[in-house]
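# Working through the structure, step by step
For reference, the chains in residue letters:
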Amino acid sequence: MSGIIELKNVSYRYPVGDEKVLKDIHLSIEKGSFTAIVGNNGSGKTTLCNTLRGFIPHFYKGELDGEVMIDGKSMLDYQLGQLGEKIGYVFQNPFIQISGVKETVFDEVAYGLENLGVAVEDIRTRVEEVLTLVKITHLRGKNPNELSGGQRQRVALAAIIVMDPELLVIDEPTSQLDPIGTEHVFDIIRLMKERGKTILLVEHKMDLIAEYADRVIVLHEGEVVLNGPVREVFGNPDYAKYGIQYPHVTEVALQLQKEGVPLNFVPIRNEELAD
Ligand code: ADP
C-alpha cells in the first residue's frame, strides 16, 4: 500500500546556493503515523518540511527533482491553498506564524476559519475547544504581539489545529517551552494521532520522541541516512556516526556497556530500564 506522502528520488537546490540541500530522498509516510525527523543543524529538516507543505516548489523556486506525491496526487497538481487545507504547518519560528493583524488570541486562532467562511457560531465553538485543548483559555483576550515566545508557540499550534488538517507538519514546536509545556505539546500531538492525523515532527528532544513517536527519520547533509521504527533507529549502531543526541536512557546504557557492564538489550525509554 502506498503512503499518504511519497517522495521518490527527491533532490532540491535553493535558487541561491550551489549545493543540493536535499539529496535523492525516498520516503513513504503511512497515513495515521507519527514520524519524527531528526538531524544536526543544516541537515535539511526545515527544507524537507517546506517540501512536504508544498512551499517547495510553489513558493521557493530553485531546482526540485524527483516526485512528491500527497494522497496519490503529485504535489505539482495541487494549488498552494488546497495544500494549506490538507496540511497544517507549524513553523519553527512562531513570530512568522502569527498574522500580526489580529488584536486578540481568540481572533488569531479564528482567522483561518473566518477565511474559509465558517459560520460564526461554529467558529466560536471550535476556537474555544482548541483554546482549552492547548491550555491557553487565559490568553483569549491578549494581544498576540505581546506574548512570550512560548505562548506564541502555543497560539501558533492552536491556529493550525483548529483548521482540522489531515496532516500536521510541525517544525520544532517546543524550542521555547519549559519541560511541562513541552510534555503538554507532545500530549496534544498524541491526541491528534488518536484522531487519525498523520504527523511529521522536527524535534531535538529524543526522550520524548522515544516515548511518543512511531518512526524516526535521520537526515544528514541532505540525505535520509536512517529511517525506521523508533527502536530500530536509536538502536542502530550507525546512529552514533551522525553526532546526534540519543535518548538519555540510551546514552547511559551505551556508556555502561562501554565500561563492561553486561546489558542484553539497550533501553530507549525510561520505563524499559526497570525491566
Ligand atoms: P535544518 O532545518 O536541518 O537546520 P535547513 O533545511 O534549514 O536545515 O537548511 C539546510 C541547508 O539549506 C543549510 O545549508 C541552509 O543554509 C540552506 N538553506 C536553508 N534555507 C535556505 C534558503 N532560503 N536559501 C538558501 N539556502 C537555504
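Quick note: structure is the one above.
Presented here is a report on the structure given in the accompanying data block. (Residues numbered from 1 in each chain as written. Predicted model: local features only at pLDDT ≥ 70, side-chain atom pairs only at ≥ 80, totals over all residues. Heavy atoms only, no water.)

## Some points on the site of the ligand
- Every residue lining the ligand is accounted for by Y14, V16, V21, N40, N41, G42, S43, G44, K45, T46, T47 and Y60.
- With respect to the ligand, the side chain of Y14 contributes an N or O atom lying 3.5 Å from a nitrogen atom.
- With respect to the ligand, the backbone of S43 contributes an N or O atom lying 3.2 Å from an oxygen atom.
- Computed on the free molecule, the ligand has an accessible area of 560 Å², of which 60% lies beneath the protein chains in the complex.
- A breakdown of the residues in the shell around the ligand according to their chemical character gives four nonpolar, seven polar and one charged. (Near = heavy atom within 4 Å. Polar contact = N/O pair within 3.5 Å; in protein donor to acceptor, adjacent residues only side chain to side chain. Areas by Shrake-Rupley, 256 points an atom, 1.4 Å probe, with all protein chains shown as cover. Nonpolar A, V, L, I, M, F, W, Y, C, P; charged D, E, K, R; others polar.)

## A look at the pattern of salt bridges
- Across all of its chains, the model carries 15 salt bridges by this definition.
- In this structure, D71 and K86 form a salt bridge, with 2.7 Å as the shortest nitrogen-oxygen distance. With a gap of 15 residues between them, D71 in the loop between β4 (63-70) and β5 (73-74) and K86 in helix α3 (residues 80-86) connect regions that are remote in the sequence.
- Relative accessible area serves as the criterion here: at 39%, D71 is assigned to the partly exposed category.
- By relative accessible area, K86 is classed as buried at 15%.
- One salt bridge connects D214 with K193, and the closest N-O pair in it is separated by 3.1 Å. Of the two residues, D214 sits in the loop between α9 (206-212) and β9 (215-220) while K193 sits in helix α8 (residues 179-194), which places them 21 residues apart along the sequence.
- By relative accessible area, which is 29% here, D214 ends up partly exposed.
- Residue K193 is classed as partly exposed on the basis of its relative accessible area of 27%. (Salt bridge = Lys/Arg side-chain N within 4 Å of Asp/Glu carboxyl O. Helix = DSSP H or I, 4+ residues; strand = E, 2+ residues; numbered from the N terminus. Buried < 20%, exposed > 50% of the residue type's maximum accessible area, 1.4 Å probe, protein only.)

## Focus on the packing of aromatic side chains
- Per the stated rule, a full pass over the model turns up nine aromatic pairs.
- For the pair F55 and F91, a centre-to-centre distance of 6.0 Å together with 25° between the ring planes defines the contact as stacked. One end of the pair, F55, is in helix α2 (residues 55-58); the other, F91, is in the loop between β6 (87-90) and α4 (94-97), with 36 residues separating them in the sequence.
- A residue is classified by how much of its surface remains accessible, and F55, at 14% relative accessible area, is buried.
- Here the aromatic rings of Y239 and Y246 are separated by 4.8 Å at their centres, their planes lie at 50°, and the arrangement is tilted.
- The class for Y239 is buried, based on a relative accessible area of 0%.
- Residue Y246 is classed as buried on the basis of its relative accessible area of 13%.
- An aromatic cluster is defined as three or more aromatic residues linked by ring pairs; in this entry it consists of Y12, Y14, F59 and Y60. (Phe/Tyr/Trp six-rings, centres within 6.5 Å; stacked < 30°, edge-to-face > 60°.)

## So, the sheet that holds β6
- Strands sit in the order β6-β7-β8-β3-β9-β10 across an open sheet of six strands; the sheet is mixed. Each of the sheet's edge strands pairs with one partner strand only, and the pair in question is β6 and β10 (223-229). Here the average twist between neighbouring strands, direction ignored, is 15°.
- Looking at chain direction, strand β7 (residues 167-171) and strand β8 (residues 198-202) are connected through five bridges and run parallel. Its bridge partner lying in β8, L167 is registered against T198. (Pairing = 2+ DSSP bridges. Axes fitted to C-alpha atoms, helices over the stretch in contact; angles between N-to-C directions.)

## Section: helix α11 (residues 248-258)
- The complete set of buried residues in α11 reads V249, T250 and A253. Projected onto a plane normal to the axis of α11, the buried residues spread over an arc of 100° and lie on a single side.
- Buried residues along α11 sit in contact with α9, α10 (230-234) and α12 (270-273).
- In the segment just after α11, G260 is the residue with positive phi, at about 95°. (Arc of directions from axis to C-beta. Contact = heavy atoms within 4.5 Å.)

The quantities given are spatial measurements derived from coordinates; they are silent on function.
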